[in-house]
Amino acid sequence: MKKAIFPGSFDPITNGHYDIIKRSVSLFDKIIVAIGVNAEKKYMFSLEERKRFIEEAFKEEPKVKVITYSGLTIDLCKKENAEFILRGLRNPADFEFEKAIAHTNRSLSKIETVFLLTAAGTSFISSSIVRDVLRNGGDISTLVPEAVYKKVK
């Protein structure tokens, strides 16, 4: 069984994340969306809310499982018997950052990182942009899955 971990903070999940997960379903038998816990980071949405958003967005997709974790992603991969880490790339800066992490992960384990390019229509979206639009009273309906939009509108 080919399992991939898609790690992130997902604060909140965006249509870019959604697109990557949706497109990866045909590549893997199981996608584990893993929400990382970082006690030093201040989040807009609680861990429970972020988990609910993703579960609601993928409630019709049995291949997608949502969990939370802390620690190294490669340790989570070993625990979940996942052979792959899934990452989305929006731009060259993402690639350079993600490439360094992928090389480190591969040097510490046998886990491969699989990169998917974001769709052209979602490549500009980031969770920080969504949070900024929200803080300033803007409309996020085209930036996030309906599960998020319904909660914050």
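Residues numbered from 1 in each chain as written. Predicted model: local features only at pLDDT ≥ 70, side-chain atom pairs only at ≥ 80, totals over all residues. Heavy atoms only, no water.

Taking an unreviewed UniProt entry as the reference, the protein chain is identified by name as Phosphopantetheine adenylyltransferase belonging to Flavobacterium tibetense. Taken from UniProt, the Subunit (unreviewed entry) comment for the protein chain reads in full: "Homohexamer." (UniProt positions renumbered as here; feature names shortened; annotations may be inferred.)

(A) Structural detail: the pairing of strand β2 (residues 30-36). Extensive coverage of β2 is indicated by the burial of 6 of its 7 residues. Strand direction decides the pairing type here: strand β1 (residues 3-8) and β2, joined by 6 bridges, are parallel. Within β2, the position partnered with Ile-5 by the bridge is Ile-32. Judged from the 6 bridges that link them, β2 and strand β3 (residues 64-69) form a sheet pairing that is parallel. Note that in β3 the partner of Gly-36 across the bridge is Tyr-69. (Buried < 20%, exposed > 50% of the residue type's maximum accessible area, 1.4 Å probe, protein only. Helix = DSSP H or I, 4+ residues; strand = E, 2+ residues; numbered from the N terminus. Pairing = 2+ DSSP bridges.)

(B) Here's a closer look at helix α5 (residues 127-135). For α5, every residue scored as buried is listed here: Ser-127, Val-130, Arg-131 and Leu-134. For α5, the angular spread of the buried residues around the axis is 100°, confining them to a single face. Contacts from the buried residues of α5 go to α1 (15-24) and α6 (146-152). Following α5 by one or two positions, Gly-137 adopts a phi angle in the positive range, close to 75°. (Arc of directions from axis to C-beta. Contact = heavy atoms within 4.5 Å.)

(C) Here's a closer look at the nonpolar core. Counting residues in hydrophobic clusters, the biggest one holds 28 residues, and the most contacted among them are Ile-13, Ile-21, Ile-31, Val-33 and Ile-54. Secondary-structure elements contributing two or more residues to this core are β1, α1, β2, α2 (47-57), β3, β4 (84-89) and α5. Contacts of Ile-21, omitting those with residues within four sequence positions, involve Phe-6, Ile-13, Ile-31, Val-33, Phe-58 and Val-64. Counting 11 residues, the second-largest nonpolar core is a separate cluster that includes Ile-5, Ala-34, Cys-77 and Ile-85. (Core = buried A, V, L, I, M, F, W, Y, C linked by side-chain atoms within 4.5 Å.)

(D) Quick peek at the environment of Ile-74. Within the secondary structure, Ile-74 is located in helix α3 (residues 73-80). For the pair formed by Ile-74 and Lys-99, sequence separation is 25 residues and the distance between their alpha carbons is 15 Å. Excluding residues within four positions of it along the chain, Ile-74 makes contact with Ile-85, Asn-105, Leu-108, Ser-109 and Ile-111.

(E) Examining the UniProt feature "domain: Cytidyltransferase-like" (unreviewed entry) in the protein chain more closely. This chain's UniProt record puts "domain: Cytidyltransferase-like" (unreviewed entry) on residues 5-132. Within the segment residues 5-132, helix and strand shares are 41% and 23% respectively, and the terminal C-alpha atoms sit 27 Å apart.

(F) Expanded view of the pattern of salt bridges. All chains considered together, the criterion is met by 10 salt bridges. For Arg-90, the salt bridge is made with Asp-94, and the minimal N-O distance between the two is 2.9 Å. Salt-bridge contacts for Lys-99 lead to Glu-96; the nearest nitrogen and oxygen are separated by 3.4 Å. Of this pair, Lys-99 and Glu-96 are both found in helix α4 (residues 92-108), 3 residues apart, which corresponds to roughly one turn of the helix. Take Lys-99: its relative accessible area is 30%, and that puts it in the partly exposed class. A relative accessible area of 46% means that Glu-96 is categorised as partly exposed. (Salt bridge = Lys/Arg side-chain N within 4 Å of Asp/Glu carboxyl O.)

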